[in-house]
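Listed below are the residues making up each chain.
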Amino acid sequence: MTIDDLARPETPEAPPSPTPARPGTWSALRPLVLRLHFYAGVLVAPFLLVAAVSGLLYALSFQAEKTVYAHELEVPVGDTTLPLSQQADIARKANPDGTVTAVWPGAEPGATTRVLMADPDVPEGTSLAVFVDPYTGDVRGQLPSFGSSGALPLRTWIDGLHADLHLGELGRNYSELAASWLWVIALGGVLLWVGRRRRNRRALVLPERGPKSRRRTLSWHGSVGLWAALGLVLLSATGLTWSRYAGENIGTVQDGLGGATPTLSAGAAPGSEHEGHGGGHHGSTTAQGPDMGLDKAVAAARAAGIDSPRISVALPAEGKGYVVKETDTQFPVQLDSVALNPADGTVLDRLAFADYPLLAKLTRIGIDAHTGVFLGLFNQLALAALALALILLILWGYRMWWLRRPGRPVARGTWRRIPVTLLLPLAAATALVGWFVPLLGLSLLLFLAVDLTLALVAKVRSRSGRTV
């Protein structure tokens, strides 16, 4: 060793290169969630946009119906009302070709009585409603009436547009596809927005101000989406309950868990959503004897505890009794019903909403909330706000895509970053959900097929470019 060697400063040994930190669960999942949110947002958004616009129109149709059909629905308040049986006879004279099936007395002063009739001139599943002034007996008009909510032509047409675009069974696939993806897009958007780095918490729930830009659009998209997410998920879940494919699976699970909606053994009122769905509520034998009439039937039902001002009275079918049902769906709901012997008013069967299984109660309330009748005007305004929020979210999403032209999503292969211990359960859960919600599973497979095809095309082009 020389003096020069001693004088030369010792070169420190280079520290070993650190082992790259293993990415956390969210950092591994985020690119996959972002890619799914992007594809679903771009490809499914047109279906969601149609559902949102028609849903907005439907939410507003309740109040529009009151204006358009004010002559049929409202009359000056009189001193005394005519017996229901007399009002039904008036309706029979006004439409001798029809058969009276039910009578809906006016729920408040100044409301007409709605006499429902089976008529060959109205579409299947629809009754002809004859509107009778309960004070004077004047017939105020005749209109088709659909379902247990008594939707009139305007609301029925909008409802058909929302449900199936007036294309029948084929059109139902559009609304089921939209409902199948809505909850996925909403929850994915919440995860992406909450997991985003930001300078302050205020930016999480309130949109940023400033010049128009992609950042500002993203802020509005994320904040409004966070506020609307719960409502959108509930809309998706309740919409799927009566869808074509997923609805059957939901009904099977509900029945298997003992949550089937019970029915009266003496007959069910026309227009009930889950008529004959299962879980029969057994009562007495079939009714026999003369008919005591509508007015005595209502009096007997009142004596049996049917005390809501909103009721429907179904006339006896062959071998069946009167069915008097409460129809007040506003909270607290009054949906009890009784079946009565038409001879003497004896209670043949009774069904209280309090006796419904929990799942049946939640299903009924969920459907009523989705159709805007659970909480009345507040319910309809909430539906309108959710529909408007969804429309804006879609438009903001497309705007961000346009501002980021060519708008390519996260790079392919992001699933490889996910640990196997998380990837396998995630794949199994996705397969299970895809089986349970078939249109979600099929469309997801289609997305994957398109993505793989694009990847192969890009790979072939890359190779051909290198060989040139």
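These figures come from a predicted structure and were not determined experimentally. (Residues numbered from 1 in each chain as written. Predicted model: local features only at pLDDT ≥ 70, side-chain atom pairs only at ≥ 80, totals over all residues. Heavy atoms only, no water.)

**Description of the sheet that holds strand β4 (residues 139–146)**
Stated formally: Should DSSP find at least two bridges between two strands, the strands are regarded as paired. Working definition: helices are DSSP H or I runs of at least four residues, strands are E runs of at least two. Numbering for both runs from the N terminus. In this analysis an axis means a line fitted to C-alpha atoms, helices contributing only their contacting stretch, and an angle means the value between N-to-C directions, from 0 to 180 degrees. Contacts were defined at the residue level, with two residues in contact if any of their heavy atoms lie within 4.5 Å.
Taken together, the 8 strands give an open sheet; going across it, the order is β4-β3-β2-β1-β7-β8-β9-β10, and neighbouring strands pair in antiparallel fashion. For this open sheet the edge positions go to β4 and β10 (347–351), each flanked by a neighbour on one side alone. Pairwise comparison of adjacent strand axes, ignoring direction, gives a mean angle of 20° for this sheet. Sheet analysis places strand β2 (residues 113–118) next to strand β3 (residues 126–132), joined by 5 bridges and oriented antiparallel. Among the inter-strand pairings, Met117 is bridged to a residue of β3, identified as Leu128. Its contacts with the sheet put helix α4 (residues 84–94) on β1 (99–104), β2, β3 and β4, and the angle it makes with β2 is roughly 50°.

**Some points on a nonpolar patch on the surface**
Applied cut-off: Each patch is assembled from residues with relative accessible area greater than 30% and no salt bridge, linking like charges that lie within 9 Å and nonpolar side chains (Val, Leu, Ile, Met, Phe, Trp, Tyr) that lie within 5 Å. In these tables, accessible area is a Shrake-Rupley quantity obtained with a 1.4 Å probe, and a residue counts as shielded only by the protein chains included in the view. By salt bridge we mean one thing: a side-chain nitrogen of Lys or Arg within 4 Å of a carboxyl oxygen of Asp or Glu.
On the surface, a cluster of nonpolar side chains totalling about 480 Å² of accessible area is made up of Val253, Leu257, Leu358, Leu359 and Leu362. Here the nonpolar patch takes 3 residues from helix α11 (residues 358–370), the largest share from any one element. Within the secondary structure layout, Val253 lies in helix α9 (residues 246–256).

**Quick word on the UniProt feature "transmembrane region" (unreviewed entry) in the chain**
Put simply, the test is: UniProt positions are given in the numbering used here, feature names are shortened, and annotations may be inferred rather than shown by experiment.
Sites flagged by UniProt as "transmembrane region" (unreviewed entry) map to residues 36–60, 178–196, 217–237, 377–398, 418–436 and 442–460. Split by type, residues 36–60 is 100% helix and 0% strand. Its first and last C-alpha atoms lie 33 Å apart. For residues 178–196, the helix share is 89%, the strand share is 0%, and the end-to-end C-alpha distance is 26 Å.

**Side note on the packing of helix α5 (residues 153–164) against helix α6 (residues 169–194)**
The condition is simple: What sets the label is the angle itself: under 35 degrees gives roughly parallel, over 145 gives roughly antiparallel, 65 to 115 gives roughly perpendicular, and the rest give oblique. Each residue is assigned to one class: nonpolar for Ala, Val, Leu, Ile, Met, Phe, Trp, Tyr, Cys and Pro, charged for Asp, Glu, Lys and Arg, and polar for all the others, Gly among them.
The contact between α5 and α6 brings their axes to 6 Å, and the two run at 70°. By the angle between their directions, the pair α5 and α6 is classed as roughly perpendicular. Here Leu161, His162, Ala163 and Asp164 of α5 come into contact with α6, specifically with Gly171, Arg172, Tyr174 and Ser175. Taken together, the residues that form the contact of α5 with α6 break down as 3 nonpolar, 3 polar and 2 charged.

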